[in-house]
Structures are given as structure tokens and as C-alpha cells.
Amino acid sequence: MQVYRKYGVNKKLAVALLILFWPLLSNLQKLGSTWILGFDNNQISDPKFGMTTLDFNKQPLEQRYLQNEFHAKVDLINTSICDKYGKLILFTEGLNIYGSNLEIIENGEDLNPGEVRNDFNPEFYPAAYNHILLPRPGHDDQYVLLHFSVSYNRDPGDQIRSVVADKFLLTSIYKDKLLDGFKVIEKNKLILAGNFNKSHLAYCRHANGRDWWLVFEKYNSNKHYIYLLDPSGIKLYAEQEIGIVGGKYDWSGNSIFSPDGTKFIKYCFDYGIQLFNFDRCSGTLSNFIQLKTYVDPEHKEASIAVSTNSRFLYINDYTRIWQYDLDQINVPGFIDTIGFWDGYFIKNVLTTGFYQMALADDGKIYLSCHSGNIYLHCIDKPNEKGLASNFKLRNIELESWMAGGLPIMPNYQLGVVSNSLCDSISYLSRHDWTTTFKIYPNPTSDEIYFNNADTTLFPDLFIEIYDGLGKRVKLQTLHSSTSQLSVSLKNLPAALYFIHVSDYMGRSEIRKIIKI
């Protein structure tokens, strides 16, 4: 009690801080459960302008119309993320990052700076499929946006592309627990500069069930960049040249992983579909196969998605949808047409022809339309073969207008590959570092040391230091590759501080230390 009185921190506040920092195990299964679609709210019309959320946790599917006073939008780019309960928390259209209240979050403006952004803002960002929001591994309430920025194509010999994807960027976001709001703490950080396939960015959970793989390609090549996102950040893990050289029509289609993470699949008009095996442990592509496509050469654009059982690949162009049975490749009948557009236009003006395709948490695959629209088409039973997949035209009528972009979510339910070479996290989950962890000296006038006496194997530990008012004043990581970390408190006033130490599983320790 003497310590609390001396430094102006009462016992109730200390108890409140302990409750605030008590760990909660994250349920990642619902991080993609709610989509947001739509734009603007400055016009009166029927159907309405504004935004609509689709909650795939609810059966039947639940729509909710949002009055949009802040002119938030999603467009060609549409990536979002939910909390562990499936409530939408963040989304972006490539220009700004918005919260669930549709306002731009703190420091969330000015994504992808440059001439292209300046010319297209505030309407939309001229790219698709190349932004993704992911939870930062090992850090509660922290998220990363991985994204490509584009610049104008100045090459007179290249008449195929109007813009070039030339920067792979990272933006970091965290939730201020005391203010209950999100803020961007690092924005548009350059990860890699080059010349990339504009619409190919695929992502899949690592075999350890915690980290993330990201794969994209050098433009018009067969070179794949394989990145690993783990608690220490993002790093280039490997470069692999495999498959057919190509991809000059880099705006024509997307790349994805199958829901079980065993296949990497990409479409581009000049080479069709390329299919690879993928090892979630080693991050390696192998066993390349090319699949013939029948995409309309006039439009060239197509979109791909895979059923939840990872057996059936779907591809659509403007008027038609095909199914590929990946268990029977090159067996007669392994490609089948399962749907056609019927030529319907809204008010004889707005086409309902097919555009982007995306797998949702309800196990169905939805298709957007190739213009501003109020409809989503649906493959109702994508795990079934042929016409039994039950394609439905204009199956969903939305509460408000939308542009064509759909969120291409990772499979958040994909977990650990048990007993694999990458299963060290299973050991770490049983290894109790809290019994060997030390902080000293206490009290201190300058530095404090964090030490884990058991150096055999322990996870990265995330160290947060808070003052008596609950404001975070220090944030550092004790990496598993080391056993000791020093932190200077020299510039902090004499006071009582709370130290919150946690790992990727949410296990934590709270210690008190006195600065004199």
C-alpha cells in the first residue's frame, strides 16, 4: 500500500489495469465473417446509396444498411477484417482505412501516396485484389495491411497496362484499448520495389497455425516472391521460379490459395490457369500444372475461387462460370459449365454480367456484377459436382448500391499441421515461460533487464510498459533467438509502472516496477 500512495496510484486502478491486460485467447475463425459493400450517401435514390454489411454468421444471411455520412466506400479494392466475434472493425478501398463507424481511423488517411492516388482520390484506387488486412501474429489487437501501390505506365512500348504495380507496402494498425479506437502507427512502409503482377496477391496461414505466407509475382515472368509474416514482422522468405513465364495482362485475374492451403492457383489471360502444390511448412511451390481456360478473349478478365472442400475450382468471365474438378484433372468431363448470364440489365442500363468471385464463411461462393449494382449471384453448393453446385442468378438483392469489389478472405479456420516439422508452436504452447521469466533491478534509476533463464526454446515475448494512468510508454520484443533484453527508463519520470509481458497465445504476466 505504501507504494501505491507514494506514486499516486490507488489500489482500484491497479486492479483495473490487471483486469484490462488479462489475456483472452483469440478465436480467429470469425475474422472474415462480415463483409461490407457500398459507397457514398450524398444522393437520394431507390435503391439507396450508403453501405451494406453481410453477416455470414447468421442463417439466413443477415443484411444491415448503414447510413454513411462520412462518404466511406469500398470499390475495386475491398478488404476488411472482423474481431473474434465476427463484428466488422476495419476496412479499406485503398485510399483510407475506416473503422466500423465508417470514419477514417486515426492516421488512416493517405494510403498509397503518389500521382495515381492524387488523380483518383476520392473516387477509388485503380487496382484490384492486391490489398489484404491480416491480424499481426503474436500481437493482440494489432493488424497489418499489406498492399501494392501503382504508378502510371511510362513505357511507350507497353500498351497493355495503364498503371504499374511498383511498390509492395506495409501499414500497421493497433487498437488503443483505453480509448477503444484504432490508429495507424506505421504507414506505407516500403517492403519491396520492382515491377509486379498488379492483381496477384495470395495469402495462407503457415503450418504452425500462427504466421502467414504471402505470394506474388514479378511482372510477366515465372518468378514468385514468397514472404513470411510472423511476430517479428514481414520478411522475404524465398524467391522461386516455377511455372510458365507470362502474366502480361496483369489486370485480368487474381491468385488464391485453396482453403486447405495445399494449392496455389493463379489466372492470367495469356497463360490461363496455373496450379501448384504448396507446402505450408516450407513455403515451397511444386508440381506445376497448366489448365486450359475458355475465357472470352474480348473481355479477358476472369475471377477464380475454390470450394470449402478444396476439390472444385471455379472461374468466371463476363457471361459464364466453369467448374474444374481438381481430383480428376484431365479426366474427361473434369471441366463443366455450371452457369450463364441471362443478359439482364437494371433499367436497361446497368449490366448484371459477372465480375469478381469470392468464397464466404457460409460456404457459398458469391459473384458481383460488372457495374454499379444491387445484386450478388451465388453458387449455392460449391462442394457439389457439376450442376448440383446450384448456381443462382441475382440471388441476393442488397440494401444499397455497390461497386464490383468483393473481399477475398483467407481461411482463418486453417490451423496447425500437427506433428509436422513446423509444429514447434505445439511445444511452445505447452512450455510455461512465466515460471522462468525475470525483470530486474527493481527499483531502478535507469535500465531494466528482461531475462528468460530457460533458453532452450521459448516464444517471442511482447513487452509493454504502462504508466499509472494506463498510457503505454514503451513497447519492445524479447525475441526467441535471444535470452535477454534491456530497456531504458531514463527519460521517464519517477513513478510506479506496470509491465505487461505476453506471447502469441495470449498468456501473460503483469509485473510492477518502481522508477526512482
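Up top is the structure these notes are about.
Calculation criteria
- Residues numbered from 1 in each chain as written.
- Predicted model: local features only at pLDDT ≥ 70, side-chain atom pairs only at ≥ 80, totals over all residues.
- Heavy atoms only, no water.
- 1 Å grid on protein atoms, 1.4 Å probe; cavity = no way out; pocket = protein on both sides within 12 Å on 5 of 7 lines; lining within 4 Å.
- Points joined across faces, edges and corners; volume = space filled by probe spheres on them.
- Nonpolar A, V, L, I, M, F, W, Y, C, P; charged D, E, K, R; others polar.
- Helix = DSSP H or I, 4+ residues; strand = E, 2+ residues; numbered from the N terminus.
- Buried < 20%, exposed > 50% of the residue type's maximum accessible area, 1.4 Å probe, protein only.
- Contact = heavy atoms within 4.5 Å.
- Phe/Tyr/Trp six-rings, centres within 6.5 Å; stacked < 30°, edge-to-face > 60°.
- Lys NZ or Arg CZ within 6 Å of the ring centre and 35° of its normal.

A. Region of the structure containing empty space enclosed by the protein. Applying the stated criterion across every chain yields a total of one cavity of 30 Å³ or more. Considering only enclosed or pocket space, the largest cavity measures out at about 90 Å³ in volume. Residue classes in the lining of the largest cavity are distributed as seven nonpolar, five polar and no charged.

B. Seen up close, the environment of Leu414. With respect to the helices and strands, Leu414 occurs in the loop between strand 28 (391–402) and helix 4 (424–430). Classification of Leu414 by relative accessible area gives buried; the value is 13%. Expressed as a C-alpha distance, the spacing of Leu414 and Pro259, which sit 155 residues apart in the sequence, is 7.5 Å. With residues near it in sequence (within four places) discarded, Leu414 still touches Cys204, Arg205, Pro259, Asp260, Gly261 and Arg280.

C. Examining the packing of aromatic side chains more closely. What the rule picks out here adds up to 31 aromatic pairs. Taken together, a centroid distance of 5.7 Å and an interplanar angle of 85 degrees make the contact between Phe196 and Tyr225 edge-to-face. Residue Phe196 is located in strand 10 (residues 181–196), and its partner Tyr225 is located in strand 13 (residues 221–230); the two are separated by 29 residues in the primary sequence. Residues Phe196 and Tyr225 agree in their burial class; the two are buried. Every member of this aromatic cluster is reached through a ring pair, and the members are Trp213, Tyr237, Phe257, Phe264, Phe276, Phe278 and Phe288. In this arrangement the basic side chain of Lys48 is found over the ring face of Tyr65, its NZ or CZ atom lying 4.7 Å from the centre. In this structure, Lys300 packs its charged tip against the face of Phe269, placed 5.4 Å from the ring centre.

D. Quick look at unusual backbone geometry. Omega for the bond connecting Asn121 with Pro122 falls within 30 degrees of zero, at 5 degrees, which places this linkage in the cis form. Position of Pro122 among the secondary structure elements: in the loop between helix 3 (115–120) and strand 7 (131–135). The omega angle of the peptide bond from Tyr440 to Pro441 is -10 degrees, so this bond is cis rather than trans. With respect to the helices and strands, the residue Pro441 is situated in the loop between strand 29 (437–440) and strand 30 (447–452). A positive phi is found at Asn220, a non-glycine position, where the angle reads about 50 degrees. Looking at where Asn220 falls in the secondary structure, it is placed in the loop between strand 12 (212–217) and strand 13. Residue classification places Asn220 among the partly exposed residues on the basis of a relative accessible area of 36%. Non-glycine residue Lys300 carries a positive phi angle of around 70 degrees. When its relative accessible area of 18% is taken as the criterion, Lys300 is described as buried.

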